[in-house]
Amino acid sequence: MEYDNFLHYSRQLQMANALGDVYVHLSTLKTAKSQFMFTRSLLHKHKMLTTTLFVDMEYNNEATSTIIRQKGNDFFRAKELRKAVDTYSMCLSGSDPITECHALALGNRAAAYFHLGMFEACLKDVRAAMMSQYPDKLAYKLFERAGRAECMLGLAKQAKESFTECLKRLDKVDMSAENKCKFREAINIAVAQCEARLEERKRTKKVPPAEQLVGGKNENIPALSAFVELKMSKDMGRGVYATHDINPGDVVAIDEPYICGPISDHTEVCHYSGCLKLDVALFPCPRCFLVYYCNKDCMKKAKKEGHYYECPIMRFIKTTPGITRMNELAMKWFLKEYLKMGPKKYCLAVNNFSKSKLDPKTRGFDDNGQYKSDNFLTAYSLDSGVDKLSIDVLFFFNCIAVNMLHYLILSEFKIPESCLGIVGASFVRILTVLDLNCRKLNINAPSLSFDQVSQITLVIAFTLYPTISLFNHSCDPNIKRSGELTDRVRVMKAIQPIPKGTQLFCTYGIMFRGHNKESRQKLCKDLFKFDCHCPPCKTNWPTCHYIPNRLSTLNLLNPTMVNTVQLECKKFLEFSKSVKPEDYRQHLNYLYSFIKLLFNNVKRPFELYEDCLEMIYNAHIMHTDEIIRCCEFPV
């Protein structure tokens with residue numbers, strides 16, 4: 001993961017002949033607070049901070065925009081729909097987003113898209129028009145259009161809601177009683193069809209059973225199984241270890257993200273951190289039009305947690321160097337907690353954390369000895385890797401923090417001057433915690449499968465799972481994510497036998513089958529700042545093309561089992577040729593028994609073991625529902 005415009009700040013200072021002493025001086029400062037305040041003073045001194053949030057955006061006057069929109073209407077009536085779309089788009093690009101003209105152009109373009117069969121595009125424009133200045137007396141048209149588009153996309157539940165809202169709006173319409181009656185009758189028929197489709201789906205839909213942690217919840221870490229504990233090791237520090245034998249398929253963690261957000265502008269993901277649902281068309285924030293929500297409830301919740309304060313500065317956040325979505329996530333995290341706690345309590349919590357000498361094993365636990373993923377200090381205490389950052393990267397993060405908080409202050413967000421150093425230092429830590437841990441957990445973030453045959457997925461969100469972060473990395477993981485790919489809640493299951501006393505490992509996206517030892521070690525060092533000590537790295541396991549595929553005296557652990565193992569291997573080969581990937585889930589018990597047999601009797605790596613492991617993981621993964629299947633996501 002590279003940083004955008006990494007040299008932005010250093011280049012400006014270099015041009016001013018001021019960079020030479022900056023890194024030297026920054027490295028002498030002992031506290032994060034002093035580093036932030038030094039950076040802030042430096043950027044102010046060299047006039048590197050914006051002086052106003054006012055952006056002079058030129059729009060055509062309303063009369064011109066109206067003329068262009070009416071020309072689009074002429075094309076629409078003449079059924080020249082492509083020309084109508086282009087003309088409405090021209091009107092939109094030159095009209096102020098908060099005007100009625102802009103909203104009407106959105107609604108009209110939605111109608112053109114509908115008749116072109118572009119139902120997703122239609123729905124997106126309808127939702128945008130709903131959040132704009134669309135005339136209330138015409139709003140029934142938008143909801144009818146939304147319902148029709150949702151019907152065509154197979155979204156029966158959403159269509160029913162749109163039609164129901166359409167009927168409510170119909171009472172305000174200036175229409176003859178006869179026409180109103182006909183219109184209402186047509187909509188009621190559409191609602192009945194939606195209800196029938198929903199009832200049919202309810203009868204045929206298979207609801208997966210609720211997952212349960214093996215052994216119940218851990219007494220001190222509720223998101224973990226009672227069959228595990230935290231222990232320290234010389235090579236890896238804190239890690240999760242089995243206190244009982246754990247079998248393939250056992251659930252070892254069920255975690256919710258502390259904070260999360262979409263990874264790009266191209267995926268239709270609700271921006272509210274407590275939701276993260278996918279939809280074919282989202283509602284844009286009516287103030288900034290830069291973030292989107294699956295419904296107005298999520299929009300209200302996000303506003304309460306701080307988006308109201310983000311709105312005026314969203315355009316500036318998007319142009320800040322670094323990783324745009326990570327910067328947005330950092331701002332969301334800061335505002336959520338700062339508004340909840342207030343300046344005094346927030347600064348006290350941050351200050352106490354920075355001054356305390358933390359036990360590495362109990363870092364992130366609260367005063368009651370609990371480690372909870374929804375706790376601010378639990379997330380805040382995650383490893384940030386800041387002590388391993390080069391001085392230029394540390395300076396870069398401090399510059400981002402200075403810029404982001406400067407935008408907030410310009411928007412009249414109140415941060416007491418006496419708190420600024422502590423708040424700024426906390427923002428730097430938030431950025432570095434996200435940068436390190438979101439990289440680690442990308443493999444566990446909500447994803448979308450776009451090629452079921454080859455099991456390729458596209459990550460759709462940045463997520464911070466504090467409890468899953470307790471698991472260390474192995475290039476041969478014995479636990480992996482399970483369940484619906486797009487789920488916000490992340491379930492982790494064992495995919496190999498894990499004997500009592502063994503450490504539980506997930507993967508940070510680096511697997512021995514696809515990378516040789518040298519490249520794996522380099523990735524771990526460059527991205528995560530550690531040396532990997534997993535078995536494939538210690539004994540230099542071969543990559544997939546060179547893994548042994550035959551039994552011999554060299555890889556048999558128990559010679560007395562040779563006949564049984566050979567027979568079962570032959571059965572597995574026949575099984576793997578005859579069963580399709582989508583049917584693996586029906587045969588999980590067989591796969592579990594086979595991998596346990598090999599685990600106890602065959603030295604790894606062994607091709608059939610690795611193949612069975614892959615089948616188990618694929619069987620644990622479920623694919624998305626009808627909403628996702630009708631979305632188009634660029635790869």
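Above this text is the structure in question.
Here goes a summary of the coordinates provided. (Residues numbered from 1 in each chain as written. Predicted model: local features only at pLDDT ≥ 70, side-chain atom pairs only at ≥ 80, totals over all residues. Heavy atoms only, no water.)

## Re the nonpolar core
Heads up, the condition is: Put simply, buried Ala, Val, Leu, Ile, Met, Phe, Trp, Tyr and Cys residues joined by side-chain atoms within 4.5 Å make one nonpolar core. Each residue gets one of three labels from its accessible area relative to the maximum for its type: buried under 20%, exposed over 50%, partly exposed in between, using a 1.4 Å probe on protein chains only. Each helix is a run of DSSP H or I of at least 4 residues and each strand a run of E of at least 2, with the numbering of both proceeding from the N terminus. Any two residues whose heavy atoms approach within 4.5 Å at even a single point are treated as in contact.
Residues Trp333, Phe334, Leu434, Phe471 and Leu504 are the most contacted members of the largest nonpolar core, which totals 157 residues. For this core, the leading source of residues is helix H13 (residues 324-355), giving 14 residues. The residues touching Phe471, leaving out its near neighbours within four places in the chain, are Leu224, Val240, Val252, Ala253, Ile479, Leu504, Cys506 and Tyr508. The next biggest cluster of nonpolar side chains, apart from the first, holds 23 residues, and it includes Leu556, Cys569, Phe572 and Val602.

## Looking at the layout of surface pockets
Selection rule: Definitions used throughout: a 1 Å grid over protein atoms alone; a cavity as a set of points that fits a 1.4 Å probe which cannot get out; a pocket as an open set with protein on both sides within 12 Å along at least five of seven lines; a lining residue as one with an atom within 4 Å of a point. Grid points are joined across faces, edges and corners, and a volume is the space filled by probe spheres set on the points. Residue type decides the class: Asp, Glu, Lys and Arg count as charged, Ala, Val, Leu, Ile, Met, Phe, Trp, Tyr, Cys and Pro as nonpolar, and the leftover types, Gly among them, as polar.
Taken as a whole, the second largest pocket spans an internal volume of roughly 1,300 Å³. If you go around the second largest pocket, you meet 48 residues; those closest to its centre are Asp383, Ser384, Gly385, Asp387 and Arg429. Here the residues of the lining of the second largest pocket are counted per class, giving 19 nonpolar, 17 polar and 12 charged.

## Section: unusual backbone geometry
Most peptide bonds adopt trans geometry, and most residues besides glycine take a negative phi value. Of the consecutive residues Arg604 and Pro605, the connecting peptide bond is found in the cis state with omega at 0°. In this structure, Pro605 sits in the loop between helix H20 (588-601) and helix H21 (607-620). Phi is positive for Asn5, close to 55°, though the residue is something other than glycine. As for its placement among the helices and strands, Asn5 is situated in the segment before helix H1 (8-15). When its relative accessible area of 42% is taken as the criterion, Asn5 is described as partly exposed. With a phi angle near 65°, Lys79 is a residue other than glycine that sits in the positive phi range.

## Some thoughts on the pattern of salt bridges
Going by this rule: A side-chain nitrogen of Lys or Arg and a carboxyl oxygen of Asp or Glu constitute a salt bridge if their distance falls within 4 Å.
Counted by the stated rule, this structure contains 25 salt bridges. Across the salt bridge formed by Glu165 and Arg169, the nearest N and O atoms sit 3.0 Å from each other. Taken together, the residues Glu165 and Arg169, both in helix H9 (residues 156-170) and four residues apart, mark about one turn of the helix. The shortest N-O distance in the salt bridge between Glu610 and Arg604 comes to 2.6 Å. Considered together, Glu610 and Arg604 belong to a single accessibility category, that of buried residues.

## Looking at helix H15 (residues 391-410)
Just so we agree on the cut-off: The span expected for a helix works out to 1.5 Å for each residue beyond the first.
Its 20 residues give H15 an end-to-end C-alpha distance of 28 Å, which sits within 8% of 28 Å, the value for a rise of 1.5 Å per residue. Buried residues dominate H15, accounting for 16 of its 20 residues. Downstream of H15 by one or two residues, Glu412 has phi in the positive range, about 75°.

## Describing the packing of aromatic side chains
To keep it simple, the criterion reads: Here is the rule: rings of Phe, Tyr and Trp (six-membered ring for Trp) pair when centre to centre is within 6.5 Å. Planes less than 30 degrees apart are stacked, more than 60 are edge-to-face, and the remainder are tilted.
Counted according to the given criterion, the structure contains 31 aromatic pairs. Ring centres of Phe572 and Phe594 lie 4.5 Å apart, and the angle between their planes is 5°; on these two criteria the pair is classed as stacked. Remark: Phe594 occurs in helix H20 and Phe572 occurs in helix H19 (residues 562-578); sequence separation between them is 22 residues. The two residues Phe572 and Phe594 agree in class, both being buried.

## Description of the sheet that holds strand S3 (residues 251-255)
Quick note on the threshold: Only strands that DSSP links by at least two bridges are regarded as paired with each other.
Read across the sheet, four strands follow the order S3-S12-S11-S14 without closing on themselves; strand pairing throughout is mixed. Two strands in the sheet have a free side with no partner beyond their single neighbour: S3 and strand S14 (621-622). Relative to strand S12 (residues 490-494), strand S11 (residues 479-484) runs antiparallel, the two being bridged by four bridges. Of the residues in S12, the one forming a bridge with Arg481 is Met492.

## Things to note about the environment of Tyr546
Along the polypeptide, Tyr546 turns up in the loop between helix H18 (535-538) and H19. The class of Tyr546 is exposed, set by a relative accessible area of 63%. On a C-alpha basis, the gap between Tyr546 and Ser390 in space is 38 Å, while along the polypeptide they are 156 residues apart.

## So, empty space enclosed by the protein
Scanning all chains against the criterion turns up four cavities of 30 Å³ or more. Considered as a void within the structure, the largest cavity measures approximately 230 Å³ in volume. In terms of lining, the largest cavity is formed by 21 residues, of which the most central are His271, Tyr293, His307, Glu310 and Lys332. Those elements that place two or more of their residues in the lining of the largest cavity are strand S4 (259-262), helix H11 (296-310) and H13. The element that contributes the greatest number of residues to the lining of the largest cavity is H13, accounting for six residues. Taken together, the residues of the lining of the largest cavity break down into 10 nonpolar, five polar and six charged.

## Observations concerning the pairing of S3
Within S3, four of the five residues are buried, which leaves the element mostly enclosed by the surrounding structure. Of the pairings in the sheet, the one linking S3 to S12 comprises four bridges and is antiparallel in character. When the bridges of S12 are listed, Asp255 appears paired with Arg490.

## Some points on H13
An α-helical segment advances 3.6 residues per turn. Residues three or four places apart therefore align on the same side. Put simply, the rule reads: We define the bend at any residue as the angle between the axes fitted to the seven residues before and including it, ending there, and the seven starting there.
For H13, with 32 residues, the first-to-last C-alpha span of 31 Å runs short of the 46 Å given by 1.5 Å per residue. Along H13, the largest kink reaches about 115° and is centred on Gly342; proline Pro343 follows within four residues of it.

## So, the environment of Leu527
Residue placement: Leu527 occurs in helix H17 (residues 517-528). What makes Leu527 partly exposed here is its relative accessible area of 29%. Sequence-wise, Leu527 and Arg439 are 88 residues apart; in three dimensions their C-alpha atoms are separated by 7.8 Å.

## Re the side chain of Ser426
The line we're drawing: Side-chain atoms alone can form a polar contact between residues adjacent in sequence; in general such a contact is a pair of N or O atoms within 3.5 Å, and within protein one must be able to donate a hydrogen while the other accepts it.
Along the polypeptide, Ser426 turns up in helix H16 (residues 420-441). Owing to a relative accessible area of 0%, Ser426 belongs among the buried residues under this scheme. Side-chain polar atoms of Ser426 contact the backbone oxygen of Val423, separated by 2.6 Å. Excluding residues that lie within four positions of it along the chain, Ser426 makes contacts with Tyr346, Val350 and Tyr380.

## Digging into the packing of helix H4 (residues 62-77) against helix H5 (residues 81-93)
Defined as follows: Axis lines are fitted to C-alpha atoms, over the contacting stretch for helices. Their N-to-C directions set the angle, which ranges from 0 to 180 degrees. Each angle receives one of four descriptions, namely roughly parallel if under 35 degrees, roughly antiparallel if over 145, roughly perpendicular if within 65 to 115, and oblique otherwise.
Between H4 and H5, the shortest axis-to-axis distance is 8 Å and the interhelical angle comes to 170°. With respect to their mutual orientation, H4 and H5 come out roughly antiparallel. Every residue of H5 that contacts H4 at Ser65, Ile68, Arg69, Lys71, Gly72, Asn73, Phe75 and Phe76 is listed here: Leu81, Lys83, Ala84, Thr87, Tyr88, Met90 and Cys91. Of the residues that constitute the contact of H4 with H5, the class distribution is eight nonpolar, four polar and three charged.

Interpretation note: all reported values are geometric properties and have no functional meaning in isolation.
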